[in-house]
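Structural description and commentary
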Amino acid sequence: MPGHQSHSQIADVIRTGGGAAAIQRQHAKGRLTARERIAQLSSDFFELGLWAAWNMYADHGGAPSAGVVTGIGTVAGRQVMLIANDATVKAGAFFPMTAKKVLRAQRIAMDNRLPLVYLVDSAGVFLPLQDEVFPDEDDFGRIFRNNAVISAMGIPQFAAIMGNCVAGGGYLPVLCDKLLMTEGSGLYLAGPALVKAAIGQVVDSEDLGGAAMHAQISGTIDFREKDDPACLDRLQRLIGMLPEDRPRVDLTLKPRGERSEPRGSLGSLPQEYDVCDLLPHLLDDALFDEYKAEFGPTLVCGYGRLGGVAVGVVANQKRRTKSPKGEVQIGGVIYVDAADKAARFIMDCNQTRMPIIFLQDVNGFMVGRDSEAAGIIRAGAKLVNVISNSVVPKITLILGGSYGAGNYALCGKAFDPRFIFAWPTARYAVMGGEQAAETLLDITIGALKRKGHDPDADELTALKNRIHADYAEQTDIRYAAARLWVDAILDPARTREALLLALSVALRHDDGREFKTGVLQT
């Protein structure tokens, strides 16, 4: 992507999918694009995974948004997870990240008992990368396994075939509860060309797997529709027959922060700041009760309300503080006392079934002789344990740095947050850029010397610049979003809106699991 484009400009380009010419080809077939279909079907669409596959698959022409649009929308007054193949991107073919994006959408729906709606228009697996799409437990086949499991869980699934539905991809709609198909679409395990090559039979696409055949002869589809608008209208009516949502989150409540500075000022984070100054912009206009406010000051824990719902908050404190012993504690670093406090707080939230919001801007755990002697590994393990076994909804927002074990300890992607969001200022890596770049430089120089090459000053400078540039690219939050390590990059001014939606979805279901931690290193 051109370097001069802003974050929002690049996002707008991604939303065009395969571009103007590809959109025209879709229209010429009498079909809407994925985003046009969603706009007709749903209101208040909140997109997830927009940046999926960003700057990936360059050798194959790229795959904007991984060739599939996913997100939460409201259809006939019901919240649903929408999954729509984008036929303007390689005919909606599945790249490796396409499969992973669909799986993430299914996982969110499963965790939150959210009905799923699939708008199918896909040529199947992208064959040049079939070895990365086809076989593993987080690849293409897992989607269909999930269809079957989701059905057994009693979560409604609707599928509308509005274009191609070929090969193994044909199992997805047929594993759903209700199946619609438009005229001119095709549903078959093998297309006409493959049938001829495999068994020598000559047959056209309509006779092989058209809507009329599947409506009248195979009986595979439930509803045959004239075109996209008719199909989407029927889909709205069918979804409207589901039980009505009973939302617990009040979207009309205002944040305390509206009284002071404008919310648009959020996101401009200095190197040091008081995270308590951010909370009024995110939480309701109600008092925040800070837990153990004078202990473990580099993590702020406390109780507030979001949309009228009581929530726990665990947030990195980014200003320097002093311990009771007079020792300066660096903002964004987790010390033993902070880890102990947060672990105890998370256990308390689980005891009262209270959702938890994590605000990350973390450099990692404190290191050094004193910290090791104080038991930093023990305290960190305890924090990781209680987060891993937590049974209440967890929502994570990455404000700034999200480095190393700090990412784990504050509910990174590996620890099953219902949603994980990030600001454009976020950075994601195993360690801070400067430390990592210096470590990588030392490793590179050592490898060169072992081969008998001692780099001169100019070569060292070039190596250092290249390593810094590479690491900077990999810590860019868009790099993380491309790989689905975060669900969405948020405009900071819309953070509260996103948190309210996430909480409303997360509160749809409580499976009643008992909170247990197993052995804790106390």
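Regarding the overall build of the protein
If you tally the helices and strands in the protein, you get 20 helices and 20 strands. A compact globule built from 522 residues would reach a C-alpha radius of gyration of about 24 Å, and the protein, at 25 Å, matches this within 12%. Projected onto its principal axes, the C-alpha positions of the protein cover 80 × 65 × 45 Å. Looking at the protein as a whole, 52% of its 522 residues qualify as buried. In the protein, the proportion of contacts linking residues at least 24 apart, taken out of those at least 6 apart, comes to 74%. Just so you have it, the protein exposes about 23300 Å², and 53% of that area is on carbon and sulfur atoms. In the protein, 56 side chains carry a positive charge and 61 a negative one; their mean positions are 3 Å apart.

With respect to empty space enclosed by the protein
Per the stated rule, a full pass over the model turns up two cavities of 30 Å³ or more. In this structure, the largest cavity spans a volume of roughly 140 Å³. At the level of secondary structure, the elements contributing two or more residues to the lining of the largest cavity comprise β3 (78-85), β4 (116-122), α6 (140-152), β5 (157-166) and α7 (171-174). When residues of the lining of the largest cavity are assigned to their parent elements, the largest contribution, four residues, is made by β4. Tallied by class, the residues present in the lining of the largest cavity amount to 13 nonpolar, five polar and no charged.

Topic: the environment of I23
Relative to the assigned elements, I23 resides in helix α2 (residues 20-28). With a relative accessible area of 24%, I23 lands in the partly exposed category. Distance in space between the C-alpha atoms of I23 and G308 is 43 Å, their sequence separation being 285 residues. If we ignore the near neighbours within four places in the chain, the residues touching I23 are T16, T33 and T88.

Concerning the layout of surface pockets
Here the largest pocket defines a volume of roughly 1300 Å³. If you trace the largest pocket, you find 47 residues lining it, with D44, F45, F46, I72 and L501 closest to the centre. Mapped onto the lining of the largest pocket, the elements with two or more residues apiece are α1 (7-15), β1 (43-48), β2 (68-75), β3, β20 (488-489) and α20 (495-506).

Details of the packing of helix α13 (residues 336-351) against helix α15 (residues 376-388)
Orientation of α13 relative to α15, taken along the N-to-C sense of each, is 20°, at an axis distance of 9 Å. Classed by the angle they form, the pair α13 and α15 counts as roughly parallel. Note on packing geometry: the crossing formed by α13 with α15 is left-handed. Taking contact as the criterion, the partners of V336, A339, D340, A342, A343, I346 and M347 in α13 are, on α15, I376, R378, A379, G380, K382, L383, V386 and I387. When the residues that make up the contact of α13 with α15 are grouped by side-chain class, the tally is 11 nonpolar, one polar and three charged.

Quick notes on the rules
- Residues numbered from 1 in each chain as written.
- Predicted model: local features only at pLDDT ≥ 70, side-chain atom pairs only at ≥ 80, totals over all residues.
- Heavy atoms only, no water.
- Helix = DSSP H or I, 4+ residues; strand = E, 2+ residues; numbered from the N terminus.
- Rg over C-alpha atoms; globule rule 2.2 N^0.38 Å.
- Buried < 20%, exposed > 50% of the residue type's maximum accessible area, 1.4 Å probe, protein only.
- Contact = heavy atoms within 4.5 Å.
- Areas by Shrake-Rupley, 256 points an atom, 1.4 Å probe, with all protein chains shown as cover.
- Lys, Arg positive; Asp, Glu negative; His and termini not counted.
- Charge placed at Lys NZ, Arg CZ, Asp CG, Glu CD.
- 1 Å grid on protein atoms, 1.4 Å probe; cavity = no way out; pocket = protein on both sides within 12 Å on 5 of 7 lines; lining within 4 Å.
- Points joined across faces, edges and corners; volume = space filled by probe spheres on them.
- Nonpolar A, V, L, I, M, F, W, Y, C, P; charged D, E, K, R; others polar.
- Axes fitted to C-alpha atoms, helices over the stretch in contact; angles between N-to-C directions.
- Parallel < 35°, antiparallel > 145°, perpendicular 65-115°, else oblique.
- Left-handed = near helix turned anticlockwise from the far one by under 90°.

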